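# Per-entry structural report
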Amino acid sequence: MNCEEAAKLFYDYLDRELSPQDVAEVEAHIRHCKDCIGHLEFDKGLRRLLQKKNLAYQLPLDLKNLLMQKLKS
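In this text the structure is predicted, and so the values were computed from the model without any measurement.

### Concerning the overall build of the protein
Looking only at helices and strands, the protein has four helices and zero strands in total. Ordered by position in the sequence, the α and β elements of the protein form the string α-α-α-α. Taken across its 73 residues, the protein has 25% of its residues classed as buried. In the protein, 49% of the contacts between residues at least 6 apart in sequence involve partners at least 24 apart. Carbon and sulfur atoms form 54% of the exposed surface of the protein, whose accessible area is close to 5,700 Å². Computed over 12 positive and 12 negative side-chain charges, the inter-centroid distance for the protein is 8 Å.

The structure is reproduced here in structure tokens:
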């Protein structure tokens, strides 16, 4: 698995929507790729921030949905 293939699976990986085979491949890749683990950790942090209910500013729902769509692509 290369970086581009792994990146396409990150959101499904974070959502636990991958097959066991794909999970194993993503995890094998990120164990050896510092760039991808950095991107994955950023995505995790961003998701945690967006899911917090006590944000000082709540994004409008349509903007939040647009942002999530852009992040998935």
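### Some thoughts on the side chain of R47
Its location among the elements puts R47 in helix α3 (residues 34-51). Accessibility expressed as a relative area gives 12% for R47, which makes it buried. Those residues in contact with R47, other than ones at most four positions away along the chain, are Y11, L14, D15, M68 and K72.

### Some points on the nonpolar core
Of all hydrophobic cores here, the largest spans 11 residues; its members are A6, L9, F10, Y13, L14, L18, V26, I30, C33, C36 and L40. Secondary structure elements with two or more residues in this core: α1 (3-14), α2 (20-32) and α3. Excluding residues within four positions of it along the chain, L40 makes contact with F10, Y13, L14 and I30.

### Regarding α2
The terminal C-alpha atoms of α2, which comprises 13 residues, lie 19 Å apart, in line with the 18 Å expected from a rise of 1.5 Å per residue. Residues of α2 that are buried: V26, H29 and I30. All buried residues of α2 lie within an arc of 95° about the axis, which places them on one face of the element. More than 90 degrees from the buried face of α2, the exposed residues found are P20, Q21, R31 and H32. In this fold, the buried residues of α2 make contact with α1 and α3.

Parameters at a glance
- Note that residues are indexed from 1 along each chain, following the sequence as it is written.
- Predicted model: local features are reported for residues with pLDDT of at least 70 only, side-chain atom pairs are reported and counted for 80 or more only, and whole-chain, interface and lining totals are derived from all residues.
- Side-chain figures throughout are based on the complete set of non-hydrogen atoms in the structure, without hydrogens or water.
- Working definition: helices are DSSP H or I runs of at least four residues, strands are E runs of at least two. Numbering for both runs from the N terminus.
- Accessibility here uses a 1.4 Å probe with only protein chains present; expressed as a share of the type maximum, an area under 20% marks a residue as buried, one over 50% as exposed, and anything in between as partly exposed.
- Any pair of residues with heavy atoms lying within 4.5 Å of one another is described as a contacting pair.
- Surface accessibility follows the Shrake-Rupley procedure with a 1.4 Å probe radius. Residue values consider only the protein chains on display as shielding.
- His is not counted here, nor are the chain ends, while Lys and Arg score as positive and Asp and Glu score as negative.
- Here the site of a charge means NZ on Lys, CZ on Arg, CG on Asp, or CD on Glu.
- For this analysis, a nonpolar core means a set of buried residues of the types Ala, Val, Leu, Ile, Met, Phe, Trp, Tyr and Cys, connected via side-chain atoms within 4.5 Å.
- Expected span, for any helix, means 1.5 Å times one less than how many residues it has.
- Relevant arc is that of directions from the helix axis to the C-beta atoms, nothing else.

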